[in-house]
Amino acid sequence: EKICVVGLGYIGLPTAAMFAKVGYEVLGVDVNESAVKLLNQGEIHIEEVGLRELVEKVVREDRLRAATSPEHADVFIIAVPTPNYPDHTANLEYVKSATKSILPFLKKGDVVIVESTIPPRTIDDFVAPIIQTEGWNVGEDIFLAHCPERVLPGRILIELVENTRIVGGINNISGQKAAQVYSSFVTGEIIITSAVTAEMSKLMENTYRDVNIALANELAKISDKLGINALEVIELANRHPRVNLHQPGPGVGGHCLAVDPYFIIEKAPNESPLIINARRINNSMPEFVIGHVDKIVDSGGKVAVFGLTYKGNIDDVRESPAMDVVSLLQEGNYKLSIYDPHVKQAQVSFKLSTFDEAIDQADCILILTDHNEFKGLDEVKIHSKMRNPVVFDTKNCANINSEAIKYYNYGNLYE
Ligand code: SAJ
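Computed from a predicted model, the values in this text were never measured in an experiment. (Residues numbered from 1 in each chain as written. Predicted model: local features only at pLDDT ≥ 70, side-chain atom pairs only at ≥ 80, totals over all residues.)

## Some points on the UniProt feature "domain: UDP-glucose/GDP-mannose dehydrogenase C-terminal" (unreviewed entry) in the chain
1) Next: The UniProt feature table records "domain: UDP-glucose/GDP-mannose dehydrogenase C-terminal" (unreviewed entry) at residues 304-400.
2) Next: Helix makes up 24% of residues 304-400 and strand 16%, and the two end C-alpha atoms of the span are 16 Å apart. (UniProt positions renumbered as here; feature names shortened; annotations may be inferred. Helix = DSSP H or I, 4+ residues; strand = E, 2+ residues; numbered from the N terminus.)

Put into C-alpha coordinates, the structure is as follows:
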(Lines give C-alpha, C1' and ligand atoms only; values in the text may rest on other atoms or scores of the structure.)
Protein backbone atom coordinates (compact mmCIF):
# COMPACT_ATOMS: atom_id res chain seq x y z
CA GLU A 1 0.00 0.00 0.00
CA LYS A 2 1.08 3.56 -0.66
CA ILE A 3 0.75 6.50 1.73
CA CYS A 4 1.11 10.14 0.86
CA VAL A 5 1.89 12.46 3.80
CA VAL A 6 1.29 16.15 3.09
CA GLY A 7 3.31 18.43 5.38
CA LEU A 8 6.78 17.35 6.54
CA GLY A 9 7.08 19.23 9.83
CA TYR A 10 7.46 18.03 13.42
CA ILE A 11 4.49 15.67 13.01
CA GLY A 12 4.35 14.79 9.31
CA LEU A 13 7.98 13.80 8.91
CA PRO A 14 8.18 11.40 11.89
CA THR A 15 4.81 9.94 10.87
CA ALA A 16 5.95 9.41 7.28
CA ALA A 17 9.16 7.77 8.49
CA MET A 18 7.23 5.49 10.82
CA PHE A 19 4.91 4.25 8.05
CA ALA A 20 7.95 3.64 5.85
CA LYS A 21 9.61 1.71 8.66
CA VAL A 22 6.69 -0.73 8.92
CA GLY A 23 6.68 -1.40 5.17
CA TYR A 24 4.47 1.14 3.43
CA GLU A 25 5.67 2.90 0.30
CA VAL A 26 5.62 6.52 1.49
CA LEU A 27 5.71 9.79 -0.40
CA GLY A 28 6.26 12.90 1.73
CA VAL A 29 5.00 16.15 0.23
CA ASP A 30 6.01 19.66 1.21
CA VAL A 31 5.99 23.09 -0.40
CA ASN A 32 9.45 23.69 1.10
CA GLU A 33 11.75 22.67 -1.76
CA SER A 34 14.91 22.57 0.29
CA ALA A 35 13.26 20.26 2.86
CA VAL A 36 12.20 17.96 0.00
CA LYS A 37 15.68 17.95 -1.47
CA LEU A 38 17.29 17.24 1.90
CA LEU A 39 14.90 14.39 2.60
CA ASN A 40 15.67 12.72 -0.72
CA GLN A 41 19.30 12.72 0.36
CA GLY A 42 18.29 11.01 3.60
CA GLU A 43 18.71 14.15 5.68
CA ILE A 44 16.29 16.17 7.80
CA HIS A 45 15.59 19.86 8.40
CA ILE A 46 14.23 19.59 11.96
CA GLU A 47 15.65 18.31 15.26
CA GLU A 48 14.02 15.35 16.96
CA VAL A 49 15.57 12.53 18.98
CA GLY A 50 16.23 9.46 16.80
CA LEU A 51 14.64 10.91 13.67
CA ARG A 52 17.85 11.44 11.71
CA GLU A 53 18.83 7.75 11.91
CA LEU A 54 15.34 6.53 11.07
CA VAL A 55 14.94 8.80 8.03
CA GLU A 56 18.40 7.96 6.75
CA LYS A 57 17.54 4.24 6.87
CA VAL A 58 14.09 4.36 5.20
CA VAL A 59 15.28 6.72 2.46
CA ARG A 60 18.28 4.51 1.76
CA GLU A 61 15.97 1.48 1.55
CA ASP A 62 13.76 3.38 -0.96
CA ARG A 63 10.66 3.27 1.18
CA LEU A 64 10.41 7.02 1.79
CA ARG A 65 10.89 9.77 -0.75
CA ALA A 66 9.73 13.36 -1.02
CA ALA A 67 8.24 15.64 -3.67
CA THR A 68 6.60 19.06 -3.87
CA SER A 69 3.28 17.67 -5.12
CA PRO A 70 1.23 14.56 -4.29
CA GLU A 71 0.78 11.38 -6.34
CA HIS A 72 -1.84 8.63 -6.47
CA ALA A 73 -1.94 6.71 -3.18
CA ASP A 74 -4.22 4.56 -1.05
CA VAL A 75 -3.97 6.73 2.05
CA PHE A 76 -3.46 10.50 2.33
CA ILE A 77 -2.39 12.08 5.61
CA ILE A 78 -2.58 15.85 6.04
CA ALA A 79 -0.21 17.21 8.71
CA VAL A 80 0.10 20.91 7.92
CA PRO A 81 0.17 23.76 10.46
CA THR A 82 -2.97 25.58 11.62
CA PRO A 83 -1.67 28.87 13.02
CA ASN A 84 -3.77 31.65 14.54
CA TYR A 85 -4.72 34.79 12.68
CA PRO A 86 -3.89 37.95 14.68
CA ASP A 87 -7.48 37.93 16.00
CA HIS A 88 -6.80 34.36 17.25
CA THR A 89 -9.18 32.60 14.85
CA ALA A 90 -7.77 29.51 13.14
CA ASN A 91 -6.01 29.98 9.84
CA LEU A 92 -7.18 26.99 7.76
CA GLU A 93 -5.47 28.08 4.54
CA TYR A 94 -2.83 25.33 4.72
CA VAL A 95 -5.48 22.66 5.42
CA LYS A 96 -7.46 23.97 2.46
CA SER A 97 -4.57 24.01 0.00
CA ALA A 98 -3.32 20.60 1.19
CA THR A 99 -6.79 19.09 0.72
CA LYS A 100 -7.14 20.68 -2.70
CA SER A 101 -3.70 19.44 -3.71
CA ILE A 102 -4.68 15.78 -3.25
CA LEU A 103 -7.99 16.03 -5.14
CA PRO A 104 -6.56 15.15 -8.60
CA PHE A 105 -4.99 11.99 -7.16
CA LEU A 106 -7.94 10.50 -5.25
CA LYS A 107 -9.46 7.20 -6.35
CA LYS A 108 -12.49 5.33 -5.04
CA GLY A 109 -11.76 3.63 -1.72
CA ASP A 110 -8.96 5.99 -0.66
CA VAL A 111 -8.59 7.05 2.98
CA VAL A 112 -7.98 10.73 3.82
CA ILE A 113 -6.78 11.56 7.35
CA VAL A 114 -6.31 15.04 8.81
CA GLU A 115 -3.82 15.13 11.70
CA SER A 116 -3.55 18.92 11.96
CA THR A 117 -5.17 20.46 15.03
CA ILE A 118 -8.45 22.05 13.90
CA PRO A 119 -11.49 23.81 15.41
CA PRO A 120 -14.53 21.65 16.16
CA ARG A 121 -16.66 20.75 13.09
CA THR A 122 -13.84 21.51 10.60
CA ILE A 123 -13.86 17.99 9.12
CA ASP A 124 -17.65 18.01 8.60
CA ASP A 125 -18.11 21.64 7.58
CA PHE A 126 -14.85 22.50 5.80
CA VAL A 127 -12.78 19.48 4.68
CA ALA A 128 -15.58 17.15 3.54
CA PRO A 129 -17.18 19.83 1.31
CA ILE A 130 -13.84 20.39 -0.47
CA ILE A 131 -13.64 16.69 -1.33
CA GLN A 132 -17.30 16.66 -2.37
CA THR A 133 -16.67 19.35 -4.98
CA GLU A 134 -15.02 16.63 -7.07
CA GLY A 135 -18.24 14.62 -6.97
CA TRP A 136 -17.05 12.09 -4.38
CA ASN A 137 -19.49 10.76 -1.85
CA VAL A 138 -17.46 11.26 1.36
CA GLY A 139 -17.87 8.31 3.71
CA GLU A 140 -18.69 5.95 0.82
CA ASP A 141 -16.24 6.60 -2.03
CA ILE A 142 -13.62 8.37 0.05
CA PHE A 143 -13.16 7.61 3.75
CA LEU A 144 -12.40 10.70 5.83
CA ALA A 145 -11.15 10.96 9.43
CA HIS A 146 -9.49 13.28 11.95
CA CYS A 147 -6.68 11.64 13.93
CA PRO A 148 -5.14 14.33 16.10
CA GLU A 149 -1.48 14.03 17.01
CA ARG A 150 -0.69 14.11 20.73
CA VAL A 151 3.07 13.66 20.81
CA LEU A 152 5.45 15.64 22.99
CA PRO A 153 8.43 17.27 21.25
CA GLY A 154 11.57 15.41 22.33
CA ARG A 155 9.64 12.13 22.67
CA ILE A 156 7.87 12.07 19.31
CA LEU A 157 9.12 8.72 18.02
CA ILE A 158 8.24 6.99 21.29
CA GLU A 159 4.87 8.65 21.80
CA LEU A 160 3.80 8.12 18.16
CA VAL A 161 3.96 4.40 18.83
CA GLU A 162 2.87 4.14 22.45
CA ASN A 163 0.21 6.83 22.98
CA THR A 164 -3.48 6.05 22.75
CA ARG A 165 -4.68 7.21 19.34
CA ILE A 166 -8.06 8.84 18.81
CA VAL A 167 -9.52 8.21 15.38
CA GLY A 168 -12.54 10.35 14.50
CA GLY A 169 -14.33 9.17 11.38
CA ILE A 170 -16.84 11.21 9.42
CA ASN A 171 -18.82 7.98 9.65
CA ASN A 172 -18.11 4.64 11.29
CA ILE A 173 -16.57 2.93 8.27
CA SER A 174 -14.20 5.88 7.79
CA GLY A 175 -13.11 5.51 11.42
CA GLN A 176 -12.47 1.81 10.95
CA LYS A 177 -10.45 2.32 7.76
CA ALA A 178 -8.29 5.01 9.40
CA ALA A 179 -7.79 2.89 12.54
CA GLN A 180 -6.51 0.07 10.35
CA VAL A 181 -3.86 2.39 8.91
CA TYR A 182 -2.50 3.33 12.36
CA SER A 183 -2.62 -0.23 13.66
CA SER A 184 0.43 -0.86 11.46
CA PHE A 185 2.70 0.78 14.05
CA VAL A 186 0.67 2.00 17.06
CA THR A 187 1.01 -0.29 20.06
CA GLY A 188 -1.20 1.93 22.24
CA GLU A 189 -4.97 1.70 22.12
CA ILE A 190 -6.76 2.96 19.02
CA ILE A 191 -10.19 4.37 19.81
CA ILE A 192 -12.74 5.12 17.11
CA THR A 193 -15.16 8.01 17.53
CA SER A 194 -16.78 10.77 15.47
CA ALA A 195 -14.68 13.43 13.76
CA VAL A 196 -16.10 16.26 15.87
CA THR A 197 -15.46 14.36 19.13
CA ALA A 198 -11.86 13.76 18.07
CA GLU A 199 -11.43 17.45 17.23
CA MET A 200 -12.82 18.54 20.58
CA SER A 201 -10.88 15.92 22.59
CA LYS A 202 -7.58 17.12 21.17
CA LEU A 203 -8.41 20.75 21.91
CA MET A 204 -9.58 19.95 25.43
CA GLU A 205 -6.34 18.15 26.29
CA ASN A 206 -4.32 21.27 25.68
CA THR A 207 -7.03 23.52 27.13
CA TYR A 208 -7.08 21.43 30.31
CA ARG A 209 -3.38 22.10 30.73
CA ASP A 210 -3.68 25.79 29.88
CA VAL A 211 -6.55 26.32 32.35
CA ASN A 212 -4.69 24.44 35.09
CA ILE A 213 -1.53 26.46 34.55
CA ALA A 214 -3.67 29.63 34.71
CA LEU A 215 -4.98 28.45 38.07
CA ALA A 216 -1.42 27.98 39.32
CA ASN A 217 -0.45 31.42 37.99
CA GLU A 218 -3.47 32.98 39.68
CA LEU A 219 -2.49 31.28 42.92
CA ALA A 220 0.99 32.81 42.54
CA LYS A 221 -0.54 36.29 42.26
CA ILE A 222 -2.93 35.78 45.17
CA SER A 223 -0.15 34.39 47.37
CA ASP A 224 2.10 37.28 46.44
CA LYS A 225 -0.57 39.73 47.57
CA LEU A 226 -1.27 37.89 50.82
CA GLY A 227 2.31 36.96 51.71
CA ILE A 228 1.91 33.20 51.29
CA ASN A 229 4.40 30.71 49.81
CA ALA A 230 2.53 29.58 46.66
CA LEU A 231 4.99 26.79 45.87
CA GLU A 232 4.57 25.26 49.31
CA VAL A 233 0.79 25.51 48.96
CA ILE A 234 0.97 23.60 45.65
CA GLU A 235 3.16 20.92 47.16
CA LEU A 236 0.88 20.40 50.12
CA ALA A 237 -2.42 20.59 48.20
CA ASN A 238 -1.06 18.00 45.78
CA ARG A 239 -0.76 15.54 48.66
CA HIS A 240 -4.53 15.22 48.28
CA PRO A 241 -5.22 12.12 46.15
CA ARG A 242 -7.47 13.96 43.69
CA VAL A 243 -5.64 17.29 43.37
CA ASN A 244 -2.99 18.06 40.79
CA LEU A 245 -2.15 21.76 40.82
CA HIS A 246 0.23 22.67 37.99
CA GLN A 247 3.32 24.88 38.21
CA PRO A 248 3.24 28.66 37.85
CA GLY A 249 5.76 30.37 35.57
CA PRO A 250 6.41 33.36 33.31
CA GLY A 251 3.43 32.42 31.09
CA VAL A 252 2.48 29.67 28.66
CA GLY A 253 4.19 29.23 25.33
CA GLY A 254 4.58 26.94 22.38
CA HIS A 255 2.40 26.50 19.32
CA CYS A 256 -0.12 24.24 21.09
CA LEU A 257 -1.24 25.39 24.55
CA ALA A 258 -1.02 29.07 23.68
CA VAL A 259 -2.95 28.55 20.42
CA ASP A 260 -5.44 25.67 20.62
CA PRO A 261 -7.82 27.04 23.29
CA TYR A 262 -8.68 29.88 20.90
CA PHE A 263 -10.08 27.30 18.45
CA ILE A 264 -12.77 26.51 21.01
CA ILE A 265 -13.32 30.14 21.97
CA GLU A 266 -13.79 31.02 18.29
CA LYS A 267 -16.70 28.59 17.92
CA ALA A 268 -18.49 29.31 21.20
CA PRO A 269 -17.21 32.56 22.76
CA ASN A 270 -20.16 33.16 25.06
CA GLU A 271 -19.92 29.67 26.46
CA SER A 272 -16.14 29.77 27.09
CA PRO A 273 -15.51 32.38 29.83
CA LEU A 274 -13.22 30.10 31.83
CA ILE A 275 -11.07 29.26 28.81
CA ILE A 276 -10.93 32.92 27.75
CA ASN A 277 -9.85 34.02 31.22
CA ALA A 278 -7.23 31.30 31.46
CA ARG A 279 -5.66 32.64 28.27
CA ARG A 280 -5.79 36.17 29.71
CA ILE A 281 -4.19 35.12 32.98
CA ASN A 282 -1.39 33.22 31.28
CA ASN A 283 -0.80 36.09 28.86
CA SER A 284 -0.54 38.50 31.80
CA MET A 285 2.37 36.68 33.43
CA PRO A 286 5.20 38.51 31.62
CA GLU A 287 3.86 41.74 33.14
CA PHE A 288 3.72 40.13 36.56
CA VAL A 289 7.37 39.14 36.16
CA ILE A 290 8.33 42.66 35.11
CA GLY A 291 6.47 44.14 38.08
CA HIS A 292 8.75 42.16 40.37
CA VAL A 293 11.92 42.89 38.42
CA ASP A 294 11.02 46.56 38.92
CA LYS A 295 10.98 46.00 42.67
CA ILE A 296 14.17 43.94 42.76
CA VAL A 297 16.37 45.98 40.40
CA ASP A 298 16.99 49.72 40.64
CA SER A 299 16.50 51.92 37.58
CA GLY A 300 19.49 51.62 35.22
CA GLY A 301 20.53 48.28 36.70
CA LYS A 302 21.57 45.26 34.66
CA VAL A 303 19.24 42.28 34.24
CA ALA A 304 20.71 38.99 33.00
CA VAL A 305 17.92 37.03 31.31
CA PHE A 306 18.46 33.25 31.48
CA GLY A 307 16.38 31.24 28.98
CA LEU A 308 14.33 32.23 25.94
CA THR A 309 12.64 29.02 24.78
CA TYR A 310 9.02 28.24 25.64
CA LYS A 311 10.10 25.35 27.84
CA GLY A 312 13.27 23.71 29.08
CA ASN A 313 15.84 21.77 27.03
CA ILE A 314 14.43 22.61 23.60
CA ASP A 315 15.44 25.20 20.99
CA ASP A 316 11.96 26.52 20.15
CA VAL A 317 11.27 30.20 20.87
CA ARG A 318 7.86 30.31 19.15
CA GLU A 319 5.14 31.96 21.29
CA SER A 320 7.60 31.95 24.16
CA PRO A 321 6.62 34.12 27.14
CA ALA A 322 10.33 34.70 27.74
CA MET A 323 10.47 36.63 24.46
CA ASP A 324 7.61 38.84 25.73
CA VAL A 325 9.49 39.44 28.97
CA VAL A 326 12.55 40.49 26.97
CA SER A 327 10.48 42.98 24.90
CA LEU A 328 9.04 44.48 28.08
CA LEU A 329 12.51 44.73 29.64
CA GLN A 330 13.80 46.43 26.50
CA GLU A 331 11.11 49.11 26.94
CA GLY A 332 12.15 49.64 30.57
CA ASN A 333 15.17 51.42 31.97
CA TYR A 334 17.57 48.47 32.25
CA LYS A 335 20.83 47.26 30.84
CA LEU A 336 20.11 43.80 29.44
CA SER A 337 22.13 40.70 28.75
CA ILE A 338 20.53 37.53 27.41
CA TYR A 339 21.84 33.99 27.76
CA ASP A 340 20.34 30.78 26.39
CA PRO A 341 22.63 27.82 25.68
CA HIS A 342 19.94 26.20 23.46
CA VAL A 343 19.26 29.17 21.17
CA LYS A 344 21.40 30.18 18.20
CA GLN A 345 22.15 33.82 17.44
CA ALA A 346 20.34 33.56 14.07
CA GLN A 347 17.04 32.75 15.81
CA VAL A 348 16.71 36.13 17.53
CA SER A 349 17.09 39.80 16.63
CA PHE A 350 18.99 40.85 19.76
CA LYS A 351 22.50 39.95 20.83
CA LEU A 352 23.03 36.79 22.88
CA SER A 353 25.69 36.66 25.60
CA THR A 354 27.74 33.88 27.10
CA PHE A 355 27.16 32.95 30.74
CA ASP A 356 30.19 34.98 31.83
CA GLU A 357 29.22 38.06 29.81
CA ALA A 358 25.64 37.83 31.00
CA ILE A 359 26.36 37.85 34.73
CA ASP A 360 29.21 40.36 34.60
CA GLN A 361 28.23 43.32 36.84
CA ALA A 362 24.58 42.21 36.73
CA ASP A 363 22.07 43.14 39.41
CA CYS A 364 19.70 40.23 38.85
CA ILE A 365 19.66 36.89 37.05
CA LEU A 366 16.13 36.37 35.75
CA ILE A 367 15.44 32.70 34.97
CA LEU A 368 12.59 32.25 32.47
CA THR A 369 13.17 28.67 31.25
CA ASP A 370 14.01 25.49 33.15
CA HIS A 371 16.98 24.30 31.07
CA ASN A 372 19.10 21.66 32.81
CA GLU A 373 22.03 24.08 32.60
CA PHE A 374 20.26 26.37 35.08
CA LYS A 375 19.73 23.69 37.70
CA GLY A 376 23.26 23.78 39.06
CA LEU A 377 24.62 27.28 38.43
CA ASP A 378 28.17 28.19 39.43
CA GLU A 379 27.38 30.04 42.67
CA VAL A 380 30.96 31.09 43.35
CA LYS A 381 31.18 32.76 39.97
CA ILE A 382 27.77 34.36 40.32
CA HIS A 383 28.74 35.80 43.66
CA SER A 384 32.07 37.16 42.49
CA LYS A 385 31.02 38.56 39.09
CA MET A 386 27.58 40.05 39.74
CA ARG A 387 27.26 43.55 41.12
CA ASN A 388 24.34 42.40 43.26
CA PRO A 389 24.09 38.62 43.61
CA VAL A 390 20.32 38.22 43.16
CA VAL A 391 18.49 35.42 41.33
CA PHE A 392 14.79 35.64 40.42
CA ASP A 393 13.74 32.16 39.32
CA THR A 394 10.27 32.16 37.70
CA LYS A 395 10.51 28.41 37.01
CA ASN A 396 11.65 27.35 40.48
CA CYS A 397 14.42 25.27 38.94
CA ALA A 398 17.75 26.62 40.21
CA ASN A 399 19.04 25.02 43.38
CA ILE A 400 20.81 27.97 44.92
CA ASN A 401 22.39 27.03 48.24
CA SER A 402 24.69 29.98 48.94
CA GLU A 403 23.42 32.31 51.67
CA ALA A 404 25.35 35.09 49.97
CA ILE A 405 23.02 35.02 46.95
CA LYS A 406 19.55 36.46 47.39
CA TYR A 407 17.18 33.94 45.80
CA TYR A 408 13.58 34.70 44.82
CA ASN A 409 11.01 32.40 43.32
CA TYR A 410 7.19 32.51 43.37
CA GLY A 411 7.35 31.22 46.93
CA ASN A 412 8.95 34.30 48.52
CA LEU A 413 8.42 37.26 46.18
CA TYR A 414 6.61 39.22 48.87
CA GLU A 415 9.74 39.33 51.02
N1 SAJ B 1 3.91 24.98 31.69
C2 SAJ B 1 3.74 25.69 32.89
N3 SAJ B 1 3.40 25.00 34.01
C4 SAJ B 1 3.23 23.64 34.01
C5 SAJ B 1 3.40 22.94 32.79
C6 SAJ B 1 3.74 23.63 31.64
O7 SAJ B 1 3.87 26.91 32.95
O8 SAJ B 1 2.93 23.08 35.08
C9 SAJ B 1 4.23 25.72 30.44
C10 SAJ B 1 5.55 25.36 29.80
O11 SAJ B 1 6.60 26.07 30.39
C12 SAJ B 1 5.30 25.78 28.36
C13 SAJ B 1 3.82 25.47 28.15
O14 SAJ B 1 3.28 25.34 29.46
O15 SAJ B 1 5.50 27.16 28.17
C16 SAJ B 1 3.52 24.23 27.31
O17 SAJ B 1 4.41 23.16 27.60
P18 SAJ B 1 3.94 21.62 27.73
O19 SAJ B 1 5.11 20.81 28.08
O20 SAJ B 1 2.76 21.54 28.62
O21 SAJ B 1 3.36 21.20 26.30
P22 SAJ B 1 3.78 21.35 24.75
O23 SAJ B 1 3.14 22.60 24.24
O24 SAJ B 1 5.22 21.16 24.52
O25 SAJ B 1 3.01 20.05 24.13
C26 SAJ B 1 1.60 19.90 24.34
C27 SAJ B 1 1.32 18.49 24.90
N28 SAJ B 1 -0.06 18.42 25.36
C29 SAJ B 1 -0.38 18.00 26.61
O30 SAJ B 1 0.43 17.64 27.42
C31 SAJ B 1 -1.84 17.97 26.95
C32 SAJ B 1 1.58 17.44 23.82
O33 SAJ B 1 1.19 16.14 24.27
C34 SAJ B 1 0.79 17.80 22.53
O35 SAJ B 1 1.03 16.86 21.50
C36 SAJ B 1 1.25 19.16 22.07
O37 SAJ B 1 0.94 20.10 23.09
C38 SAJ B 1 0.51 19.49 20.77
O39 SAJ B 1 1.11 19.34 19.69
O40 SAJ B 1 -0.68 19.84 20.83
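## Describing the site of the ligand
1) Next: Neighbouring residues of the ligand: 19 residues in total, closest His246, Gln247, Gly249, Gly254 and Cys256.
2) Next: Residue composition of the shell around the ligand, by class: eight nonpolar, six polar and five charged.
3) Next: Looking at which domains feed residues into the shell around the ligand, each of domain 1 (2-201) and domain 2 (228-415) gives three or more. (Near = placed C-beta within 6 Å. Nonpolar A, V, L, I, M, F, W, Y, C, P; charged D, E, K, R; others polar. Domains from an automatic or database assignment.)

## Quick word on the confidence of the model for the chain
1) Next: Overall, the predicted model of the chain reaches an average pLDDT of 97, with 100% of residues at or above 70.
2) Next: Here the complex is predicted with pTM 0.94, and the ipTM for its interfaces comes to 0.95. (pLDDT = per-residue confidence, 0-100.)

## Some thoughts on the environment of phenylalanine 374
1) Next: Considering the arrangement of structural elements, one finds phenylalanine 374 in the loop between strand E11 (364-367) and helix H15 (379-385).
2) Next: On the neighbour-count criterion, phenylalanine 374 (23 C-beta atoms within 10 Å) is buried.
3) Next: Phenylalanine 374 sits 54 residues away from serine 320 along the chain, and the two C-alpha atoms are 18 Å apart.
4) Next: Each residue touching phenylalanine 374, except ones within four places of it in the same chain, is listed here: Phe306, Gly307, Ile367, Cys397 and Ala398. (Buried ≥ 20, exposed ≤ 12 C-beta atoms within 10 Å, placed from the backbone. Contact = placed C-beta atoms within 7 Å.)

## Quick look at the packing of helix H5 (residues 122-132) against helix H8 (residues 195-226)
1) Next: Contact geometry for H5 and H8: axes closest at 8 Å, N-to-C directions at 115°. Here Thr122, Ile123 and Asp124 of H5 lie close against H8, whose contacting residues are Ala195, Val196 and Glu199.
2) Next: Among the residues forming the contact of H5 with H8, the class breakdown is three nonpolar, one polar and two charged. (Axes fitted to C-alpha atoms, helices over the stretch in contact; angles between N-to-C directions.)

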